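Inside the fold
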Amino acid sequence: MKIEVVKKHFQKWAKKYDSSNRERMIPCFHDFYGTVVNMISEKRNIAINILELGTGTGMLTELILSSYPKAKITGIDLTDEMLSQAEKKLKKLKNRLTLKRGDFSSTSFGNNFDAVISSLSIHHLTPDGKKKLYKKIYISLKKGGIFINADLVKSESVYIQKLYMKKWEGFMRSGRVDENNIKRRLQGVKKVDIYDTFEDQLDWLKGAGFEDVDVFWKYWNFAVFGGLKKITV
Ligand SMILES: C[S@@+](CC[C@H](N)C(=O)[O-])C[C@H]1O[C@@H](n2cnc3c(N)ncnc32)[C@H](O)[C@@H]1O
C-alpha cells in the first residue's frame, strides 16, 4: 500500500469524519472502543504514558484521557487535516496530549510507554509492514506494558469473510448512514484497507516478542487484540 494513497484518502475525509455517524458505521461501537479503554489498566488514577498510532480526529484519545485523568498521550497521525480536527476537539485536554504528524511505520517511538494503542489504523499496512510495526511497538513498551489494537480483521474462511462484509454493509444501511458515507467507506475497503486474520496477527505479535497475546473482543470483522510485555523480560 502506498502511504500517499492512504494520506490522500484521510486528507479528503478529515472534515466529514466525525459527522459521518461513526456509531452507526461501527457495529458495537461502545464495546469496540470501550475494550481498549478497559484493557489499559484496572486502576484509573495512575500516571501512565500512552502512545497512540493513527490518532485521527481523536475519537479514542478523548475516551482514554477522560477515563484516565492522569494519563498522557502522544498521538501520531499521517495527516495535518485529521490532527487539526483532534486539536480542536481536545483543546481542554491539551496539557496531557502531544500530537505529532508522521508515518508510524517509519517514525521511531523510543522505549518509554506503559501502553501502545491504536484504532482502525494499522489495517492500512501490508502483512510485512504490520510485522515490522509490531516489533517496534514491543521495543517501545516498558516491562509490564500492553499493546491494544482495535481494528478490522478478516476471517480465515473466504465464505465467512464475504458474510461479514455483507452484514457490515447491511448494518450501515439499517442505521440510515448517509449513502455517500457508506460509499466512501466501501471504496476505502477496496482502496486503502488490507485485512489480515487475527490468528496471523497474534503469531506476528509473538514473533515480535510478546508472550501473552489474545483477542480481547470480537464481533464480525471488528476485533480488539494485543499483547503484554512480561515484567520479567
Ligand atoms: C480510520 S482513521 C481512525 C482514526 C481514529 N483512530 C478513530 O478510531 O477514529 C485512520 C487514521 O490512521 C491514520 N494513519 C493511517 N496510516 C498511518 C500511518 N502509516 N502513520 C500514521 N497515521 C496513519 C490516518 O491518517 C487516519 O487518521
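Reference entry: report on the structure contained in this document. From a predicted model like this one, the values you see are computed outputs, not experimental measurements. Numbering of residues begins from 1 in every chain and follows the order in which that chain's sequence is written. Local features in this predicted model are restricted to residues whose pLDDT is 70 or higher, and side-chain atom pairs enter the listing and the counts only when it is 80 or higher, whereas totals over whole chains, interfaces and linings include all residues.

Brief notes about the pairing of strand E2 (residues 72-77)
- Following DSSP output, two strands are said to pair if at least two bridges run between them. Going along the chain from the N terminus, every DSSP run of H or I of four or more residues is numbered as a helix, and every run of E of two or more is numbered as a strand. By the bridge criterion, 5 bridges tie strand E1 (residues 49-53) to E2 in an arrangement that is parallel. Residue pairing for E2: Glu52 is matched across the bridge by Gly75.
- When the strands point away from the viewer and the path from the first strand over the helix to the second turns clockwise, the crossover is right-handed. Viewed along the sheet, the connection from E1 through helix H4 (residues 59-67) into E2 turns out right-handed.
- Taken together, E2, helix H5 (residues 80-89) and strand E3 (residues 97-101) form a β-α-β motif whose crossover is right-handed.

With respect to helix H7 (residues 158-174)
- In a helix, the anticipated span is given by 1.5 Å times the number of residues less one. Taking 1.5 Å of rise per residue, the 17 residues of H7 would be expected to cover 24 Å, and the 24 Å separating its terminal C-alpha atoms lies within 8% of that figure.
- Those residues of H7 that sit buried are Tyr164, Trp168 and Met172. Projected down its long axis, H7 carries its buried residues within an arc of 70°, all on one side. Of the exposed residues in H7, those oriented more than 90 degrees away from the buried face are Tyr159, Lys162, Lys166, Gly170, Arg173 and Ser174. Every C-beta atom is placed from the backbone, and the number of other C-beta atoms within 10 Å of a residue's own sets its class: buried at 20 or more, exposed at 12 or fewer, partly exposed in between. In this description, one arc is meant: the one made by directions from the helix axis to the C-beta atoms.

Details of unusual backbone geometry
- Backbone geometry places Asn21, a non-glycine residue, at a positive phi of 60°.
- For Trp220, which is not a glycine, the phi torsion comes out positive at approximately 50°.
- Tracing the sequence through the fold places Trp220 in the loop between strand E6 (212-219) and strand E7 (222-228).
- With 19 C-beta atoms counted inside 10 Å, the residue Trp220 sits in the partly exposed group.

Side note on the site of the ligand
- Should the C-beta atom of a residue, placed from the backbone, lie within 6 Å of a molecule or strand, that residue is near it. Lining the immediate environment of the ligand, one finds 20 residues, of which Gly54, Gly56, Met59, Ser119 and Ser121 sit closest.
- Of all the elements in the fold, those that place two or more residues in the shell around the ligand are helix H1 (3-17), H4 and E2.
- Examining the composition of the shell around the ligand, we find that 3 residues originate from one element, H1, more than from any other.
- Three classes are used, and their members are as follows: Ala, Val, Leu, Ile, Met, Phe, Trp, Tyr, Cys and Pro are nonpolar, Asp, Glu, Lys and Arg are charged, and the others, Gly among them, are polar. Residue composition of the shell around the ligand, by class: 10 nonpolar, 8 polar and 2 charged.

Here we look at the nonpolar core
- In these notes, a nonpolar core means any group of buried Ala, Val, Leu, Ile, Met, Phe, Trp, Tyr and Cys residues linked to one another through C-beta atoms within 7 Å. Counting 53 residues, the largest nonpolar core has Val36, Ile50, Ile64, Ala115, Val116 and Ile148 as the members making the most contacts within it.
- With 6 residues, the single largest contributor to this core is strand E5 (residues 141-152).
- It is the C-beta atoms, placed from the backbone, that decide contacts: two residues are in contact if theirs lie within 7 Å. Residues contacting Ile148, with those up to four places away along its chain left out, are Val36, Met39, Ile40, Ala115, Ile117, Val224 and Gly226.

A few points about the packing of helix H3 (residues 29-40) against H4
- For helices, the fitted line uses only the C-alpha atoms of the stretch in contact; every axis is such a line through C-alpha atoms, and the angle between N-to-C directions lies from 0 to 180 degrees. Interhelical geometry of H3 versus H4 gives an angle of 40° and a closest axis separation of 10 Å. For the pair H3 and H4, the crossing hand works out as right-handed. Of the residues in H4, those touching H3 at Tyr33, Val36, Val37 and Ile40 are Leu60, Leu63, Ile64 and Ser67. Two helices cross in a left-handed way if the nearer one is turned anticlockwise from the farther one by less than a right angle. They cross in a right-handed way if the turn is clockwise.

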